[in-house]
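Below, each chain spelled out in residue letters.
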Amino acid sequence: MTTTAPPRPSGTGTPPRAPRPVPGWRRGLRPYLLSIPAVLIIVGILYPFVLGAYYAFLNYAAVVPRPVFVGLTNFVEVLSDPVFWASVRVTAIYAVTATVVETVLGVGIALLLNRSSLVGRIFERVLILPLMIAPVIAGVIWGLMFNPQFGVLNHVLGLGSTFDWLGEGRALWSVVLVDVWIFTPFVAILVLAGIRSLPKEPFEASAVDGASWFYMFRRLMLPMMWPYILVAVIFRFMDSLKVFDHVYVLTAGGPGDATRTLQIGAYQNSIVNLNYSQGSTYMFLLWAIVFLTARYLVSVLGKAQRRAAGSEE
Amino acid sequence: MLVLGGAAAASSGLLAACGVGTGGGPAAANGAAEVTGSFDWRKAAGTEISVLQTPHPYQVAFQPLLAEFTQLTGITVKADLVAEADYFTRLNTELASGAGNYDAFMTGAYFIWTYGPPGWMEDLRPWISNSAATKGDYDFEDIYEGLRRSTSWDFKVGSPLGSGGQWAIPWGFETNVIAYNKAEFDRRGIRPAETFDELIQLATDLTDRANNKYGIAFRGSRSWATIHPGFMTQFTREGCKDYTLQGDQLTATMNSPEAVNFTRKWVDLARTAGPTSWTTYDYPDCTADLGAGTAMMVYDADSATYPQNIAGNSAQAGNLAWHPGPAGPDGNYATNLWTWSLAMNSASKKKLAAWLFIQWATGKEAQTKAVQTGKLGFADPTRASVFDGAFKQTLGKFPGYQETFERVIGSTDIKFTPQKQFFQTTEDWAVALQDIYSGQDAKTRLDALAAANTAAVNRAS
């Protein structure tokens, strides 16, 4: 018995089979199905945000279980409270100092690591260790190291048992130091990745023309690295404005209000004092600060990127 | 940009996200009246209750006993543990949600002033007085009077403690007294101080910074918990008061001349004879320094220093002793207390089972067993019969502990004026101490604190 197999469609001579028509209702549903994940994410972010913002207009606290709308009263109270402005000052000093120091150190370390060597390769791997430690754990570790009675720092530096790292006048700089320890590697790694992605040709051409290393750094590398540095600055500055964990572990905002950042103020109002509306007001104002700062920095980044690409003078 | 804005947005909704909603609704009706007939431990057999607890010697002592409770009642206890640092955050969130996920929970007395007014806690007095729900030999009056009073209030500004509902049953507690390094005192031939000025002098004399030793540890961190142990005890002994009632309004008096004078001395004591990093010191730091031999005295909870004298727990185990601390100018030993108590969630759906658990855990029999078998001890039991019975037998190697306790117990209760803004106003008090420690003028700073606190406590009412 012989069978004859049906000819397989092959070559260009056979017309392709027409796709099965998709029913109209399914085609109409597709955009909605595709947007479900995005909608879920937006709802997940916006619902607590809107609810938090709504609380800022109530007098909601544990001792006021049935709150009423109070308009802008919370904002007036918070904005006329010197403790709030002290927190703004502390947060600003913290964020600016931490970001500047981390950026300078991070760029310097990235430049050193870019010179390929065995030590550099080892350091590259060791450098990420602080990033592997949760900031709250880093706070506990540094708290032990800062302890004047038995901490390693006073012992190694020969400061005796009377030097208080977390005392008035030093506490803010000590918590910045911990931030620098944790996050400088983040800047270094980001900038190092940027340096390694730069084109080699301009540097080779400059070397042929006899340009010095510093000249090449200033005129070539820095302008081309600038977008990467700015990305690191944006991430670090935004994070620093919202700092909470290791500062709270180390000082809880003290001594006095010396390290009371806006996040710590919000936490203390909401969770310790159980004044939810006042805590929400703090958070809402912090959000406004972060949002406006982010908006400005991203516009600066856009300009820098266009300049590095040569599309803008 | 959206990502950055979104991150901030997410953090601004922190409260909503962690479940703090304007939920809770009207307070649930008290469930005691629903229990009728004669008392029977097995009335709620087959029920499982959830209890929120924090790891603590009291909880550690009771954990192995839960099987006995199940055997007695047929009730299974699911105990969730949350570290003390996060405990009250979790508890606040749970209670505020009104979900009733936990039927009973550990709480401190001050928290009643905040959790009670919104109706989050069940009044246990109807349960205690209902013979169908409470065994005849429960003997509530056996619990020290100061403790019973400290867990009861009617939530009206100006009303004293002891008025109103019984919101929690004291389970374990601590008095705030001096623990000292007796071996070192004996070596030097000195004795604990009997007045506050003597204490200042003694602590200063014992301080030797060059050899990393200092006279006295007490809390100084930026927390309400800095105020309640040694500070509030000595503040009261020296004749100072936090608030006075004028008409229907409270007036903060932590800036009275005697309070300013005492506060100045207290902060100077911290500076000259306290731990270098005083503004970060909580009780574990204080007791650890005592156990390590770095601090010569600690003015804090007796139950916090007690474990340091148990063999194997610290370098100075066996060398420690207790003393009531300086008496006031008139010889008084007024002492502030802290009590871990057991309370019932008013939103619980298993109130009878929850009450049977609370009744059992605060009863004579279970507390006696906890004292006898607790791995970390059970200092101090809240029942006079248990203290006089099983607990005294454990105190052989704790010189002065019993005498100290007996000296202060009659004048031990909560020395704060009850008010609903306790945590905010008391934390602000701790901030003021830190500011004075950092150099601000005591009188000016305390005047500002008193003005702010007067406004806060009356606004809340």
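## Overview of the overall build of chain B
- Within chain B, the regular secondary structure consists of 20 helices and 13 strands.
- Since a compact globule built from 461 residues should have a radius of gyration of about 23 Å, the 23 Å found for chain B is in line with a globular shape.
- Considering only C-alpha atoms, chain B reaches an extent of 65 × 60 × 55 Å along its principal axes.
- The buried share of chain B, reckoned over its 461 residues, is 56%.

## Quick notes on the overall build of chain A
- Along its length, chain A carries 13 helices and zero strands.
- Along its sequence from the N terminus, chain A presents helices and strands in the succession α-α-α-α-α-α-α-α-α-α-α-α-α.
- In terms of overall dimensions, chain A is more spread out than a globule: its C-alpha atoms have a radius of gyration of 28 Å, far above the 20 Å expected for 313 residues.
- Relative to all contacts within chain A whose residues are 6 or more apart in sequence, the contacts with residues 24 or more apart total 71%.

## Observations concerning the pairing of strand β1 (residues 48-53) of chain B
Residue and element names in this part refer to chain B.
- Buried residues dominate β1, accounting for five of its six residues.
- Alignment of β1 against strand β2 (residues 76-81), held across six bridges, turns out to be parallel. Looking across to β2, one finds that Gln-53 is bridged to Leu-81.
- Of the pairings in the sheet, the one linking β1 to strand β3 (residues 104-108) comprises two bridges and is parallel in character.

## Regarding the pairing of strand β12 (residues 335-344) of chain B
All names here are of chain B.
- Within β12, ten of the ten residues are buried, which leaves the element mostly enclosed by the surrounding structure.
- Side chains Thr-335, Leu-337, Thr-339, Ser-341 and Ala-343 project from β12 onto one buried face, and the interleaved Asn-336, Trp-338, Trp-340, Leu-342 and Met-344 project onto a second face that is buried too.
- Summarising the sheet, β3 and β12 pair through five bridges and their orientation is antiparallel. Considered in β12, the bridge of Thr-107 is made with Ser-341.

## Let's talk about the nonpolar core
- In terms of nonpolar packing, the biggest core is built from 201 residues, with Val-191 of chain A together with Ala-104, Ile-216, Met-297 and Phe-357 of chain B touching the most fellow members.
- Counting residues per element, this core draws most heavily on helix α8 (residues 171-196) of chain A, which supplies eleven residues.
- If sequence neighbours within four positions are ignored, Phe-357 of chain B has contacts with Ile-49, Val-51, Phe-69, Ile-75, Val-77 and Ala-104 of chain B.

## Observations concerning helix α11 (residues 227-237) of chain B
Residues and elements named next belong to chain B.
- Within α11, eleven of the eleven residues are buried, which leaves the element mostly enclosed by the surrounding structure.
- Looking only at α11, the buried set comprises Ile-227, His-228, Pro-229, Gly-230, Phe-231, Met-232, Thr-233, Gln-234, Phe-235, Thr-236 and Arg-237.
- Residues of α11 that are buried in the fold lie against β6 (169-181), α10 (196-206), α12 (257-273), β10 (295-301), β12 and α19 (422-437).
- In the stretch just after α11, Gly-239 is the one whose phi turns positive, near 90 degrees.

## Considering unusual backbone geometry
- A cis geometry characterises the amide bond from Gly-254 of chain A onward to Pro-255 of chain A, with omega recorded as -5 degrees.
- Relative to the helices and strands, Pro-255 of chain A is located in the loop between α11 (245-251) and α12 (262-272).
- Residue Asp-380 of chain B is bonded to the preceding Ala-379 of chain B through a cis peptide linkage, with omega at 0 degrees.
- Take Asp-380 of chain B: it is sitting in the loop between α16 (364-373) and α17 (384-391).
- Backbone geometry places Phe-155 of chain B, a non-glycine residue, at a positive phi of 65 degrees.
- Residue placement: Phe-155 of chain B occurs in the loop between β4 (152-153) and β5 (165-166).
- Positive phi, normally seen in glycine, also occurs at Asn-212 of chain B, with a value near 55 degrees.
- According to the C-beta neighbour criterion, Asn-212 of chain B is partly exposed, with 19 such atoms within 10 Å.

## Some remarks on the confidence of the model for chain B
All names here are of chain B.
- Put simply, chain B has an average pLDDT of 91, and 94% of its residues get 70 or more.
- Scored below 50 in pLDDT, residues 1-21 shows 51 contacts in the model against residues more than four places distant or in partner chains.
- What the predictor reports for the complex is a pTM of 0.86 with an ipTM of 0.81.

## Thoughts on the packing of helix α10 (residues 213-241) of chain A against helix α13 (residues 276-308) of chain A
Residue and element names in this part refer to chain A.
- Relative to each other, α10 and α13 sit at 175 degrees, their axes nearing to 8 Å. The pairing of α10 with α13 is recorded here as roughly antiparallel in orientation. Touching Pro-223, Met-224, Trp-226, Pro-227, Leu-230, Val-231, Ile-234, Phe-237, Met-238 and Leu-241 of α10 are Ile-289, Val-290, Thr-293, Ala-294, Leu-297, Val-298, Val-300, Leu-301, Ala-304, Gln-305 and Ala-308, all from α13.
- Classifying every residue of the contact of α10 with α13 gives 19 nonpolar, two polar and no charged.

## Remarks on the environment of Thr-151 of chain B
All names here are of chain B.
- Mapped onto the elements, Thr-151 comes out in the loop between α8 (145-150) and β4.
- On a C-alpha basis, the gap between Thr-151 and Gly-215 in space is 34 Å, while along the polypeptide they are 64 residues apart.
- Excluding residues that lie within four positions of it along the chain, Thr-151 makes contacts with Ala-109, Ile-112, Gln-166, Trp-167, Ala-168, Pro-170, Thr-339 and Ser-341.

## What to know about the environment of Gln-372 of chain B
Residues and elements named next belong to chain B.
- Inspection of the secondary structure puts Gln-372 in helix α16.
- For Gln-372, a count of 15 C-beta atoms within 10 Å translates into the label partly exposed.
- It is 6.7 Å that separates the C-alpha atoms of Gln-372 and Ala-390, two residues lying 18 residues apart in sequence.

## Structural notes on the environment of Trp-167 of chain B
Residues and elements named next belong to chain B.
- Residue position: Trp-167 is located in the loop between β5 and β6.
- By C-beta crowding, Trp-167 is classed as buried, having 26 other C-beta atoms within 10 Å.
- Residues within four places of Trp-167 in sequence aside, it is in contact with Ile-112, Gly-116, Met-121, Asp-123, Leu-124, Thr-151, Ser-152 and Ala-343.

Conventions used here
- Residues numbered from 1 in each chain as written.
- Chains lettered and ligands numbered in written order.
- Predicted model: local features only at pLDDT ≥ 70, side-chain atom pairs only at ≥ 80, totals over all residues.
- Helix = DSSP H or I, 4+ residues; strand = E, 2+ residues; numbered from the N terminus.
- Rg over C-alpha atoms; globule rule 2.2 N^0.38 Å.
- Buried ≥ 20, exposed ≤ 12 C-beta atoms within 10 Å, placed from the backbone.
- Contact = placed C-beta atoms within 7 Å.
- Pairing = 2+ DSSP bridges.
- Core = buried A, V, L, I, M, F, W, Y, C linked by C-beta atoms within 7 Å.
- pLDDT = per-residue confidence, 0-100.
- Axes fitted to C-alpha atoms, helices over the stretch in contact; angles between N-to-C directions.
- Parallel < 35°, antiparallel > 145°, perpendicular 65-115°, else oblique.
- Nonpolar A, V, L, I, M, F, W, Y, C, P; charged D, E, K, R; others polar.

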